[in-house]
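Fold and geometry: a report
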Amino acid sequence: MGYFLFFLLAALCVGSVLGMIISKNQAYNALFLIPAFASLGGLFGLLEAPFIAVVQIIIYAGAIMVLFIFVIMMINVQKGVPPEKKKWTLYLSFGLAVVLVIELAVALKAAFTLPVSTETLKAGPVNLGRLLFTKYLYPFEITSILIIAALVGAIVLVKKKEQE
Amino acid sequence: MIPPNYFLILSIILFVLGVLAFFIKKDLITMFMAVEIMLNAANLAFLSLARSANSIDGQVIVFFIITVAASEAAVGLAIILLVLRQKKTIKTEDIKLMKG
């Protein structure tokens, strides 16, 4: 059952990312990303991270994609990008992707043979919150400063300059 | 239980697909989406290694990554809107201020 769920979610995720790469329309691209992020949330659940799975679905598949679709709504969706004249950039990027796969596989080879713990992970919101407010208290507080900075920055950037 | 290796391999595939999308796509918004895919692949790698090490520290790191990604999306989309307002386009081919 676990394997079936894993392969189903993995196929859904990779399939929607491939759909995003193939599709030419920005709005469809954003819509393709929603099942990708939602199935990633399911995969996080399979990895015994239920809280992160829920956060993933709420923030990524919810908030961030709404933000993207909102911006696409403000932009006139143009009819696709005309086909690329320079084909060699396409081939070059495929070649780079193959090289990157090999490089990452070599880099993560040590991780593939790690001993796998079979104990169940106690990863409920209680344990996660306790860790967040003890060991990771300072990063947590710094995150709040980061969010304030991002909010103010985004508002200042988009604000129209007042006429003097 | 599914071995965490499977998740690691999936995260490699997702990361490379994100890089590929970033190179192939020609408009800023879709390139930005590709960055989000790469961040998610990193999250998956963190969680699978946390699972194999049987510690939840990795999950806290993923929590921080999601927060940073959300604020990054807000600022990035604001910059894209600014580029659109000044250049009237978001295609990377038409934005060539430094190309001379």
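Fair warning: this is a prediction, and the values are worked out from it, not measured in the lab.

**Points about the nonpolar core**
What tends to happen in soluble globular proteins is that the nonpolar side chains get buried as a cluster. Among the nonpolar cores identified, the biggest contains 68 residues, and A:Leu40, A:Leu43, A:Phe68, B:Ile29, B:Met33 and B:Leu44 are the most heavily contacted of them. Of all the secondary-structure elements, those providing two or more residues to this core are helix H1 (2-22), helix H2 (26-46), helix H3 (50-74), helix H4 (88-107) and helix H6 (125-134) of chain A together with helix H1 (4-24), helix H2 (28-53) and helix H3 (57-87) of chain B. In this structure, this core is formed jointly by two domains, domain 1 (1-74) and domain 2 (81-164) of chain A, each of which donates at least three residues. Setting aside its immediate chain neighbours within four residues, A:Leu43 contacts A:Phe6, A:Leu9, A:Ala10, B:Phe7, B:Leu10 and B:Leu44.

**Overview of the domain arrangement of chain A**
Residue and element names in this part refer to chain A. Domain annotation for chain A reports domain 1 (1-74) and domain 2 (81-164). Taking the mean C-alpha position of each, domain 1 and domain 2 sit 15 Å from one another. Across the contact, five residues belong to domain 1 and six residues belong to domain 2. Here domain 1 and domain 2 share an interface that buries about 460 Å² over both sides, 64% of which is from carbon and sulfur atoms. Taken as a group, Lys24, Glu48 and Phe51 account for 80% of the area that domain 1 buries against domain 2, more than any other trio of residues on that side. Connecting domain 1 to domain 2 are zero salt bridges.

**As for the environment of B:Ile37**
Counting through the fold element by element, B:Ile37 comes out in helix H2. Taking the C-alpha atoms as reference points, B:Ile37 and B:Phe22, separated by 15 residues in sequence, lie 9.8 Å from one another. Setting aside chain neighbours within four positions, we find B:Ile37 in contact with A:Val17, A:Met20, A:Leu33, B:Leu14 and B:Gly18.

**Brief notes about the confidence of the model for chain B**
Detailed reading of the predicted coordinates is not advisable wherever pLDDT falls low. For chain B, per-residue confidence averages 88 on the pLDDT scale, and residues scoring 70 or more make up 98% of the total. Overall fold confidence for the complex sits at a pTM of 0.88, while the interface term, ipTM, reaches 0.88.

**Overview of the interface of chain B and chain A**
Of the residues lining the interface, 68 residues belong to chain B; the matching set on chain A comes to 79 residues. Together, the buried faces of chain B and chain A total about 7,000 Å²; carbon and sulfur atoms form 80% of this surface. Ranking the residues of chain B by area buried against chain A places B:Met33, B:Arg51 and B:Gln59 at the top, with a combined share of 9%. Seen at the junction of chain B and chain A, the total is two salt bridges.

**Comments concerning the packing of aromatic side chains**
Evaluation of the coordinates by the stated rule reveals twelve aromatic pairs over all chains. With centroids separated by 6.0 Å and ring planes inclined at 70°, the aromatic side chains of A:Tyr3 and B:Tyr6 adopt a geometry described as edge-to-face. With A:Tyr3 in helix H1 and B:Tyr6 in helix H1, the pair connects residues from two separate chains. Judged by its relative accessible area of 39%, A:Tyr3 is partly exposed. Ring centres of A:Phe6 and B:Phe7 lie 4.8 Å apart, and the angle between their planes is 70°; on these two criteria the pair is classed as edge-to-face. Pair noted here: A:Phe6 is in helix H1 and B:Phe7 is in helix H1, and the two residues belong to different chains. Residues A:Phe6 and B:Phe7 agree in their burial class; the two are buried. The structure contains a cluster of three or more aromatic residues connected by ring pairs, namely A:Tyr3, A:Phe6, A:Phe7, B:Tyr6 and B:Phe7.

Parameters and conventions
- Residues numbered from 1 in each chain as written.
- Chains lettered and ligands numbered in written order.
- Predicted model: local features only at pLDDT ≥ 70, side-chain atom pairs only at ≥ 80, totals over all residues.
- Heavy atoms only, no water.
- Core = buried A, V, L, I, M, F, W, Y, C linked by side-chain atoms within 4.5 Å.
- Buried < 20%, exposed > 50% of the residue type's maximum accessible area, 1.4 Å probe, protein only.
- Helix = DSSP H or I, 4+ residues; strand = E, 2+ residues; numbered from the N terminus.
- Domains from an automatic or database assignment.
- Contact = heavy atoms within 4.5 Å.
- Buried area = accessible area lost by both parts, 1.4 Å probe.
- Salt bridge = Lys/Arg side-chain N within 4 Å of Asp/Glu carboxyl O.
- pLDDT = per-residue confidence, 0-100.
- Phe/Tyr/Trp six-rings, centres within 6.5 Å; stacked < 30°, edge-to-face > 60°.

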